[in-house]
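Coordinates in review
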There are 2 protein chains.
Amino acid sequence: MNEPGRPPADAMTNPRADRVRDVAKLAGRSGRLKRRQFFVEGPQAVREALQAHRDCLDAGGTAVVEAVYATVECLKRHPELFELASPKGSQLQVRIASDLVLSAMTDTVTPQGVVAVCNFVDVPLEEVLAAKPKLIAMLCRVQDPGNAGTVLRAADAAGADAVIFSNSSVDIYNPKAVRSTAGSLFHLPVVRGVELAEVVSAAKAAGVGVLAADGYGQLNLDLLQDESAARAFEQQIPDSQYALEEPTLWLFGNEAQGLAGEEKALADHRVAVPVYGEAESLNLGTAATVCLYASARAQRRAD
Amino acid sequence: MNEPGRPPADAMTNPRADRVRDVAKLAGRSGRLKRRQFFVEGPQAVREALQAHRDCLDAGGTAVVEAVYATVECLKRHPELFELASPKGSQLQVRIASDLVLSAMTDTVTPQGVVAVCNFVDVPLEEVLAAKPKLIAMLCRVQDPGNAGTVLRAADAAGADAVIFSNSSVDIYNPKAVRSTAGSLFHLPVVRGVELAEVVSAAKAAGVGVLAADGYGQLNLDLLQDESAARAFEQQIPDSQYALEEPTLWLFGNEAQGLAGEEKALADHRVAVPVYGEAESLNLGTAATVCLYASARAQRRAD
């Protein structure tokens, strides 16, 4: 491994080198699919990737990070990246590269000093359901990478067990989506490229209830939360239709149109986040956060 | 007023006309401050502006909308804009303009067919506090226009009585911020350009409690919510430190650094949204939504 502060003779300085082009290709969906790799940028995200890499190797798994490219300046400011990049038995090297090289790799004018090339981290649906999940978020036909990342980050914060992206959703390995996750992509299992109907029937078979987030839903999230609180205080609930304490898969739709009629029809219930003011609705990220936190609170109180 | 479908002789077709340049100047902060005007784009936002205009005139107030520019095609698709633009006694005219003109006005490649020039709608802090508010959101040093708009929209959805922007925050009349509000800018009172310390002391004097949203806060939002629910079920709460049912001003800080130490010190309490997973935090928009909805639920249950 190179020491920080001394640019080694083999520092990468040619932005047109094959290896640089190979990383740059990961900005596009087809480039990523071909190699089943993506990249993350910046000290915080690379730190999270390296931590996941170390945890994965410690647990006998395969490598998460394939390569790290960083400027001398960045490594001086973040010496912990060196530490993290050298778990026992790892072949991982931090390669020194110029700002121009990092700029060419990530197609950004102001590169953040460090880039890690990572292998896809998503897992099969079966693996998620076999682990007896309590809380899962699924995004259906979500198009904006920032929204996809925001919901993944919120699901992580709410302690969800997994996030699932339907096959018609934006690619979670898109650089902007990765950035919006703020590292959460490495914190909880992610499933991608699956059909909504397939997920719903597998979830139901695994004893997981399915709620569709729907501004026009017949069930009010506040009512479900109040009923859940009432149960915690051992009050009688006459006609509760759904207990938020139960294992739940939440479905969230496209940011502009929400869930389609046939998508909602697959769920056990359609649940609306109440709008108390004059807003037509919440945006996708905020609505999903309210739903996931409502489940998380009910489940943790019941534990 | 022009009829839809017939481009009139006085349709605006010159993107370099003075009037077009005047609108375009509203994209910049100094241009807006000079004329105390801003613009909104697209049928939905213009509809909300015109509705606010009508409500304001009906209530004896001054004009919200100064001018509307639209393409013939847009007016064919949205004839309701004509209706809304002609309240009794209004001098408001819908001017027909070409796509090129709208593009030059808004500096967008794909203009949305209609633009309204609006007068600033913000109100003085005193007016908000005199109306006995129950729930207010204040943004301190928020820099991203999308975040500012998202929080305003979430505050509207939560039924907040006002949103306040500190003098070091991004301008809520920035076109991107206006777009992110999805019309909420016209739904509830907005205060801008005020000092945090001034707002906090005025709020306290008006009997409004002040909570700082702070990932490191000593009070947990879930605890406050559980205590509030317990009170609703007439349980004994031994040492409650803050009742969410009370009138509350929430403070939210900069998206990267949060609230500064001296800002937090002004609040009655620092409250953390619990993070159950491995995420470091929620982003500003989602954290603010969880806080505001927690207050809204507690207050509505107590009513």
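What you see as residue numbers is a count from 1 along each chain, following the sequence as written. All chains are assigned letters beginning at A, and all ligands numbers beginning at 1, according to the order in which they are written. Totals for whole chains, interfaces and linings use every residue, but because this is a predicted model, local features are given only for residues with pLDDT of at least 70 and side-chain atom pairs only at 80 or more, for both listing and counting. By convention in this description, side-chain values take in all heavy atoms of the structure and omit both hydrogens and water.

**Some words on the pairing of strand β11 (residues 269-272) of chain B**
Residue and element names in this part refer to chain B. Here, any two strands with at least 2 DSSP bridges between them count as paired. Going along the chain from the N terminus, every DSSP run of H or I of four or more residues is numbered as a helix, and every run of E of two or more is numbered as a strand. In this sheet, β11 lies alongside strand β8 (residues 209-213) in parallel orientation, the contact comprising three bridges. Bridging from a neighbouring strand, L211 pairs with H269 of β11. The pairing of strand β9 (residues 219-220) with β11 spans two bridges and is classified as parallel. If you follow N220 over to β11, its bridge partner there is A272.

**What to know about the packing of aromatic side chains**
Residues and elements named next belong to chain A. Note on ring pairs: Phe, Tyr and Trp rings are taken, using the six-membered ring of Trp, and paired if centres are within 6.5 Å. Classes follow the plane angle, with under 30 degrees stacked, over 60 edge-to-face and the rest tilted. Under the defined criterion, the tally for this structure stands at 13 aromatic pairs over all chains. An angle of 45° between the planes, with centres 6.4 Å apart, marks the rings of F38 and F120 as tilted. Placement of F38 in strand β1 (residues 37-41) and of F120 in the loop between β4 (114-119) and α7 (125-130) is noted, with a sequence separation of 82 residues between them. Taken as a pair, F38 and F120 share a single burial class, namely buried. Relative accessibility decides the category of a residue: with a 1.4 Å probe and only protein chains considered, values under 20% of the type maximum give buried, values over 50% give exposed, and everything between is partly exposed.

**A look at the sheet that holds strand β2 (residues 65-70) of chain B**
All names here are of chain B. Taken together, four strands build an open sheet; the order of strands is β1-β4-β2-β3 and the sheet is mixed. Only two strands of the sheet have a single neighbouring strand rather than two, namely β1 (37-41) and β3 (94-96). Averaged over neighbouring strand pairs, the angle between their axes works out to 20° when direction is ignored. For β2 and strand β4 (residues 114-119), the ladder comprises five bridges, and the chain directions are antiparallel. Bridged to A70 within β4 is V114. Structural elements are reduced to axes, namely lines fitted to C-alpha atoms, with helices fitted over the stretch in contact, and the angle between N-to-C directions of any two is expressed from 0 to 180 degrees.

**Description of the pattern of salt bridges**
The salt bridge criterion pairs a side-chain nitrogen of Lys or Arg with a carboxyl oxygen of Asp or Glu, the two atoms within 4 Å. Taken as a whole and assessed by the stated rule, the structure comprises 28 salt bridges over all chains. For R32 of chain A, the salt bridge goes to D171 of chain A, with nearest N and O atoms at 2.9 Å. Here D171 of chain A lies in the loop between β6 (162-166) and α9 (175-181) and R32 of chain A lies in helix α2 (residues 29-35), a separation of 139 residues in the sequence. Accessibility expressed as a relative area gives 4% for D171 of chain A, which makes it buried. A salt bridge links D268 of chain B to K204 of chain B; its shortest N-O distance comes to 3.7 Å. Pair noted here: D268 of chain B is in the loop between α12 (261-264) and β11 and K204 of chain B is in helix α10 (residues 196-205), with a separation of 64 residues, a long-range link. Looking at D268 of chain B, the relative accessible area reads 37%, which means it is partly exposed. In this structure K204 of chain B comes out as partly exposed when scored by relative accessible area, which is 38%.

**Considerations on the environment of V114 of chain A**
Relative to the assigned elements, V114 of chain A resides in strand β4. When the C-alpha positions of V114 of chain A and G285 of chain A are compared, they lie 28 Å apart, and in sequence the two are 171 residues distant.

**Quick notes on the interface of chain B and chain A**
On the chain A side, the residues contacting the 38 residues of chain B number 38 residues. Here's the idea: put two parts together, see how much 1.4 Å probe accessible area each one loses, and the total over both is what we call buried area. Considering only the side of chain B, the residues that lose the most area to chain A are F233, Y276 and R297 of chain B, jointly responsible for 21% of the buried surface there. Applying the counting rule to chain B against chain A returns six salt bridges. When the shortest N-O distance is used, the salt bridge between D222 of chain B and R297 of chain A registers 3.0 Å. In the analysis that follows, any N or O atom pair within 3.5 Å is treated as a polar contact, provided that within protein one partner can donate a hydrogen and the other can accept it, and provided that, for residues neighboring in sequence, both atoms belong to side chains. In this structure, the connection of chain B to chain A is made through 24 residue pairs in polar contact (both at pLDDT 80 or more). Working rule for contacts: check all heavy atoms of both residues, and any pair within 4.5 Å makes them a contact.

**Looking at helix α8 (residues 145-157) of chain A**
All names here are of chain A. Here α8 is 13 residues long and its end C-alpha atoms lie 18 Å apart, about the 18 Å a rise of 1.5 Å per residue gives. α8 sits mainly inside the fold: 13 of its 13 residues count as buried. Where α8 begins, the side chain of D144 points an oxygen toward the backbone nitrogen of G146, at a separation of 3.0 Å. The positive-phi residue at the C-terminal boundary of α8 is G159, with phi of around 75°. The span one expects for a helix is its residue count, reduced by one, times 1.5 Å.

**A look at the domain arrangement of chain A**
All names here are of chain A. Delimitation of the domains relies on an automatic or database domain assignment. Along its sequence, chain A is carved into domain 1 (18-119) and domain 2 (125-302). Counting from both sides, the interface comprises 15 residues of domain 1 and, opposite them, 14 residues of domain 2. Across the domain 1-domain 2 interface, the total number found is two salt bridges. The salt bridge involving R179 is made with E41; its shortest N-O contact spans 3.3 Å.

**Here's the deal with the relation of the copies chain B and chain A**
What sets the superposition is a least-squares fit of C-alpha atoms, and only residues with pLDDT of at least 70 in both copies go into it. Overlaying chain B with chain A gives an RMSD of 0.0 Å, the required rotation being 180° about an axis along which the chain moves by 0.0 Å. Viewed as a symmetry operation, the transformation between the two copies matches a two-fold axis. Proximity to the rotation axis, assessed at the C-alpha, singles out T286 of chain B in chain B; its C-alpha lies 2.5 Å from the axis. The overlap is high: 100% of the interface residues of chain B also sit at the interface in chain A, so the same surface is used on both sides.

**Digging into the side chain of N147 of chain B**
Relative to the elements of secondary structure, N147 of chain B occurs in helix α8 (residues 145-157). In terms of polar contacts, N147 of chain B uses its side chain to reach the side chain of E255 of chain B, at 2.9 Å.

**Here we look at the state of the cysteines**
When two cysteine sulfur atoms lie within 2.5 Å, the pair is treated as a disulfide. Evaluation of the coordinates by the stated rule reveals zero disulfides over all chains. The thiol sulfur of C140 of chain A is not disulfide-bonded, and the nearest other cysteine sulfur, from C291 of chain A, lies at 13 Å.

**Looking at the nonpolar core**
Counting residues in hydrophobic clusters, the biggest one holds 142 residues, and the most contacted among them are V40 and W250 of chain A together with V40 and W250 of chain B. Contacts of V40 of chain B, omitting those with residues within four sequence positions, involve A45, V46, A49, V114, V115, A116, C118, V178 and F186 of chain B. Grouping buried Ala, Val, Leu, Ile, Met, Phe, Trp, Tyr and Cys residues that are joined through side-chain atoms within 4.5 Å yields what is termed a nonpolar core.

**Here's the deal with the sheet that holds strand β8 (residues 209-213) of chain A**
Residues and elements named next belong to chain A. With parallel pairing, seven strands are arranged side by side in an open sheet as β7-β6-β5-β10-β8-β11-β9. Each edge of the sheet is formed by a strand with only one pairing partner; in this case those strands are β7 (190-194) and β9 (219-220). Running at roughly 170° to strand β10 (residues 248-252), helix α13 (residues 284-302) makes contact with β5 (135-139), β8 and β10 of the sheet.

**Observations regarding the packing of helix α11 (residues 221-232) of chain B against helix α13 (residues 284-302) of chain B**
Each pair of packed helices gets described by two things: the angle between the helix axes and the distance between those axes. Residues and elements named next belong to chain B. The contact between α11 and α13 brings their axes to 10 Å, and the two run at 10°. Relative to α13, the element α11 lies roughly parallel. For the pair α11 and α13, the contacting residues are L221, Q225, S228, A229 and A232 in the first and V290, C291, A294, R297, A298 and R301 in the second. Across the contact of α11 with α13, the residue classes tally to seven nonpolar, two polar and two charged. Should an angle fall under 35 degrees it is called roughly parallel, over 145 degrees roughly antiparallel, and 65 to 115 degrees roughly perpendicular, with every other angle called oblique. Residues are grouped as follows: Ala, Val, Leu, Ile, Met, Phe, Trp, Tyr, Cys and Pro are nonpolar; Asp, Glu, Lys and Arg are charged; every other residue, Gly included, is polar.

**Concerning helix α6 (residues 99-106) of chain B**
Residues and elements named next belong to chain B. Burial in α6 covers these residues: V101, L102, S103, M105 and T106. Elements in contact with the buried residues of α6: α1 (18-24), β1, β2 and β4. Just beyond α6, the residue with positive phi is D107, at close to 55°.

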